[in-house]
Amino acid sequence: MKILKIIFLFCLISFNSLTAQESCLSNKNLKQIDLAWEKAQLNSDVDFFENNLSKNFVWTHNNAKTIDNKDAVINRAKRYLKNKIKYSYSRTTEGVSTVIYGKTGIVNGFTVVLKTKDAKPVIYHFMRTYSEKNGKCILIANHTMAVDKTKW
């Protein structure tokens, strides 16, 4: 009987440690995931978009002049790769902050984009929303807005 109790206790502890996955929603991890998004934008990384965007992903650009879904992001990346188009020379982020609320994380900040090596930067404010699903953070929404350089 004692052996059965020990086996039961061992199984219970093993099951709990298997099911207690570490959350992807930490400030450090969200910032790393968001940097991966920026890199994927720079490199038209189709695999990243296919695996890290929610099936209902929405990206609202500059006062809703353009609204993309997951398919639009993937198709643009494929088109850029096929036509050997480089969207920008570099992308860096500044002033990045995070907010975590339950199974949702928000990353907020500025992206500085150089279209060519010698161009003046284009600055965007961004707010991206991630949701944890099965221990993985998935990007569900992105809002970007060009910022007047004189006010930044």
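Placed above this text is the structure.
Here's what I pulled together on the structure shown here.

The rules behind the values
Residues numbered from 1 in each chain as written. Predicted model: local features only at pLDDT ≥ 70, side-chain atom pairs only at ≥ 80, totals over all residues. Heavy atoms only, no water. Helix = DSSP H or I, 4+ residues; strand = E, 2+ residues; numbered from the N terminus. Expected span 1.5 Å × (residues − 1). Buried < 20%, exposed > 50% of the residue type's maximum accessible area, 1.4 Å probe, protein only. Arc of directions from axis to C-beta. Contact = heavy atoms within 4.5 Å. Polar contact = N/O pair within 3.5 Å; in protein donor to acceptor, adjacent residues only side chain to side chain. Pairing = 2+ DSSP bridges.

## Topic: helix α4 (residues 70-82)
Part 1 of the argument: In this model, α4 (13 residues) spans 18 Å end to end at C-alpha, consistent with the 18 Å of a helix rising 1.5 Å per residue.
Part 2 of the argument: Those residues of α4 that fall on the buried side of the exposure criterion are Lys 70, Val 73, Ile 74, Ala 77 and Tyr 80. Down the axis of α4, the sector holding all buried residues measures 125°, keeping them to one side. The exposed residues of α4 that point more than 90 degrees off its buried face are Asp 71 and Lys 82.
Part 3 of the argument: At its buried positions, α4 is contacted by α2 (27-43), α3 (46-52), β1 (53-61) and β2 (66-69).
Part 4 of the argument: If you check the start of α4, you find a side-chain oxygen 3.2 Å away from the backbone N of Asp 71, and it comes from Asn 69.
Part 5 of the argument: Once α4 finishes, Lys 84 follows within two positions and takes phi at roughly 55°, a positive value.

## Some details on the pairing of strand β6 (residues 136-146)
Two faces, one strand: in a regular strand the side chains alternate between the faces of the sheet.
Part 1 of the argument: In this sheet, β6 lies alongside β1 in parallel orientation, the contact comprising 5 bridges. If you follow His 61 over to β6, its bridge partner there is Thr 144.
Part 2 of the argument: Where strand β5 (residues 122-133) meets β6, 10 bridges bridge the pair, whose relative direction is antiparallel. From the neighbouring strand, Tyr 130 faces β6, where its bridge partner is Leu 139.
Part 3 of the argument: What sits between β5 and β6 in their antiparallel hairpin is a turn of 2 residues, with Asn 134 showing a positive phi close to 55°.

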